[in-house]
Amino acid sequence: FTTGWAKNTKRAELAAKGFVSGEGGTGIVAQIGSGKEPCVLLRADIDGLPIHENIESPWKSTEKGKMHACGHDGHAAMLLGAAAVLKRRESEIKGTIRLIWQPAEEGGAGGKRMVEEGVLSMEPKP
């Protein structure tokens, strides 16, 4: 697997407009299978949103004013679950399954940035 996908290339521009943004680069890409064609992509979004979490629970966000909401934790967990099942059956896979954990889905253009960084042009191509 590789990390560091979807770097924020507009941080200074956003700061000049009064927006606070992170460095990005939290995207993850992994592959399971033979590394050959055909290639199928599975994607999950992994945004943290600027929402204060008003519950007390062991899984509550440790970052004040930020939480994983809108199903993003579920999406990430489902892709991890799929990865676990696929990895156990990897010898049966005829081709490659590329798993993408994409940040900045909520208006941050993380998917666009990952495409610009080459996630769709990696070999094998989907």
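Our subject is the structure that appears above.
Residues numbered from 1 in each chain as written. Predicted model: local features only at pLDDT ≥ 70, side-chain atom pairs only at ≥ 80, totals over all residues. Heavy atoms only, no water.

Q: So what exactly am I meant to see when it comes to the overall build of the protein here?
A: Scanning the protein from terminus to terminus reveals three helices and four strands. Along the protein, helices (α) and strands (β) appear in the sequence β-α-β-β-α-β-α when read from the amino end. The principal-axis extent of the C-alpha atoms belonging to the protein is close to 50 × 35 × 15 Å. In the protein, which comprises 126 residues, the proportion classed as buried is 31%. In the protein, the proportion of contacts linking residues at least 24 apart, taken out of those at least 6 apart, comes to 67%. Here the protein displays about 8,200 Å² of accessible surface, and carbon together with sulfur accounts for 59% of that area. If the 17 positive side-chain charges of the protein are averaged to one point and the 16 negative ones to another, these points end up 4 Å apart. (Helix = DSSP H or I, 4+ residues; strand = E, 2+ residues; numbered from the N terminus. Buried < 20%, exposed > 50% of the residue type's maximum accessible area, 1.4 Å probe, protein only. Contact = heavy atoms within 4.5 Å. Areas by Shrake-Rupley, 256 points an atom, 1.4 Å probe, with all protein chains shown as cover. Lys, Arg positive; Asp, Glu negative; His and termini not counted. Charge placed at Lys NZ, Arg CZ, Asp CG, Glu CD.)

Q: When you look at the pattern of salt bridges in this model, what are you seeing that I'm missing?
A: It is possible for side chains of opposite charge to pair when their charged atoms get near one another. Counted under the stated rule, the structure contains seven salt bridges. Its salt-bridge partner being Lys60, residue Glu56 comes within 3.1 Å of it at the nearest N-O pair. Note on Glu56: relative accessible area 72%, which makes it exposed. As a salt-bridge pair, Glu116 and Arg113 come within 3.0 Å of each other at their nearest N and O atoms. Of this pair, Glu116 and Arg113 both sit in helix H3 (residues 110–116), three residues apart, which is roughly one turn of the helix. Connected via shared salt-bridge partners are Lys112, Arg113, Glu116 and Glu117. (Salt bridge = Lys/Arg side-chain N within 4 Å of Asp/Glu carboxyl O.)

Q: Explain the sheet that holds strand E3 (residues 39–45) to me, please; I cannot follow it from the model alone.
A: For sheets, the rule is that strands pair by backbone hydrogen bonds, running either parallel or antiparallel. On the basis of which strands lie adjacent, the open sheet formed by four strands has the order E1-E2-E4-E3 and mixed pairing. The open sheet has two edge strands with one neighbour each: strand E1 (2–7) and E3. Going across the sheet, the axis of each strand differs from the next one's by a mean of 25°, ignoring polarity. Where E1 lies against strand E2 (residues 24–33), four bridges are found, and the strand directions are antiparallel. Bridged to Thr3 within E2 is Ile28. Packed onto the sheet, helix H2 (residues 72–88) meets E2, E3 and strand E4 (96–102) and runs at close to 145° relative to E3. (Pairing = 2+ DSSP bridges. Axes fitted to C-alpha atoms, helices over the stretch in contact; angles between N-to-C directions.)

Q: Quick question: what am I supposed to make of the nonpolar core here?
A: It is characteristic of soluble globular proteins that their nonpolar side chains tend to be buried jointly. Counting 12 residues, the largest nonpolar core consists of Ala30, Ile32, Ala44, Ile46, Ala76, Leu79, Ala83, Leu86, Ile93, Ile97, Leu99 and Trp101. For this core, the secondary structure elements donating two or more residues are E2, H2 and E4. Here the element with the most residues in this core is H2; it accounts for four residues. Within the second largest apolar cluster, six residues are counted, among which are Ala6, Ile100, Met114 and Val119. (Core = buried A, V, L, I, M, F, W, Y, C linked by side-chain atoms within 4.5 Å.)

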